[in-house]
Amino acid sequence: MTGKDLQEWYVIKFNKKNKPKERILCIDGFNLWHNRPEGDKSFLSSLVPTNLLKSSKNRQKPISTIIAVRRQNPKEFTLYYSDKKERSYMVKNPNDCSQILAKLKFLRQGQGLNNN
């Protein structure tokens, strides 16, 4: 597996109101995005065909827009974006956190971005 291959991790993403949401964090060579775990459907998505709902492709964030990465503790980290948004995550084990941050560091360095 290379750094540009798609990898996925189960994470807890904290929304703007700091409410935890279970997600699958997906990172490929250029973007990152979230998917809901299987079976985690909202009431609306259970009524509306999936092709009419907003696709996760529309919510991809280019890795090049990450301006900083901070690790709060062995299981938590925050990504800061150029559009002033930030996303905080928590994982179940420190190894997953290390893998995610190492992949982001590798990809950001490959794109000539600062590596903080």
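Please refer to the structure placed before this passage.
Here's a quick rundown of the structure.

Summed over the entire model, instances satisfying the criterion amount to one aromatic pair. Judged by centre distance (5.1 Å) and plane angle (20°), the rings of F77 and Y89 are stacked. Here F77, found in strand β6 (residues 76–81), pairs with Y89, found in strand β7 (residues 86–90); they are twelve residues apart in sequence, far enough to count as distant. Under the relative-accessibility criterion, F77 is labelled buried at 0%. When the ring centre of Y81 is taken as origin, the NZ or CZ atom of K61, which lies over that ring, is 4.5 Å away.

A separate point is the pairing of strand β1 (residues 7–14). In the sheet, β1 pairs with strand β2 (residues 20–27) via eight bridges, with the strands oriented antiparallel. Its bridge partner lying in β2, Y10 is registered against I24. Connecting the antiparallel pair β1 and β2 is a turn made up of five residues, with N18 showing a positive phi of about 65°. Direction of pairing for β1 relative to β7: antiparallel, over a ladder of three bridges. Bridged to K13 within β7 is Y89.

This part takes up the nonpolar core. Core analysis: the biggest nonpolar cluster contains 18 residues, and L25, I27, I66, F77, L79 and I100 have the highest contact counts within it. When contributions to this core are tallied by element, the ones reaching two or more residues are β1, β2, β5 (66–73), β6 and α2 (94–110). Examining the composition of this core, we find that five residues originate from one element, α2, more than from any other. With residues up to four places along the chain from it excluded, the contact list for I66 reads L32, L79, Y80, Y81, L104 and R108.

Another point: α2. Over its 17 residues, α2 runs 24 Å from end to end, which matches the ideal 24 Å to within 8%, given 1.5 Å per residue. All of the buried residues in α2 are D96, C97, I100, L101, K103, L104, L107 and R108. End-on, the buried residues of α2 take up no more than an arc of 155°, which puts them together on one face. Here the buried face of α2 lies against β1, β2, β5 and β6. One side-chain oxygen at the N-terminal end of α2 lies 3.1 Å from the backbone nitrogen of N95; it belongs to N93.

Cut-offs applied
- Residues numbered from 1 in each chain as written.
- Predicted model: local features only at pLDDT ≥ 70, side-chain atom pairs only at ≥ 80, totals over all residues.
- Heavy atoms only, no water.
- Phe/Tyr/Trp six-rings, centres within 6.5 Å; stacked < 30°, edge-to-face > 60°.
- Helix = DSSP H or I, 4+ residues; strand = E, 2+ residues; numbered from the N terminus.
- Buried < 20%, exposed > 50% of the residue type's maximum accessible area, 1.4 Å probe, protein only.
- Lys NZ or Arg CZ within 6 Å of the ring centre and 35° of its normal.
- Pairing = 2+ DSSP bridges.
- Core = buried A, V, L, I, M, F, W, Y, C linked by side-chain atoms within 4.5 Å.
- Contact = heavy atoms within 4.5 Å.
- Expected span 1.5 Å × (residues − 1).
- Arc of directions from axis to C-beta.
- Polar contact = N/O pair within 3.5 Å; in protein donor to acceptor, adjacent residues only side chain to side chain.

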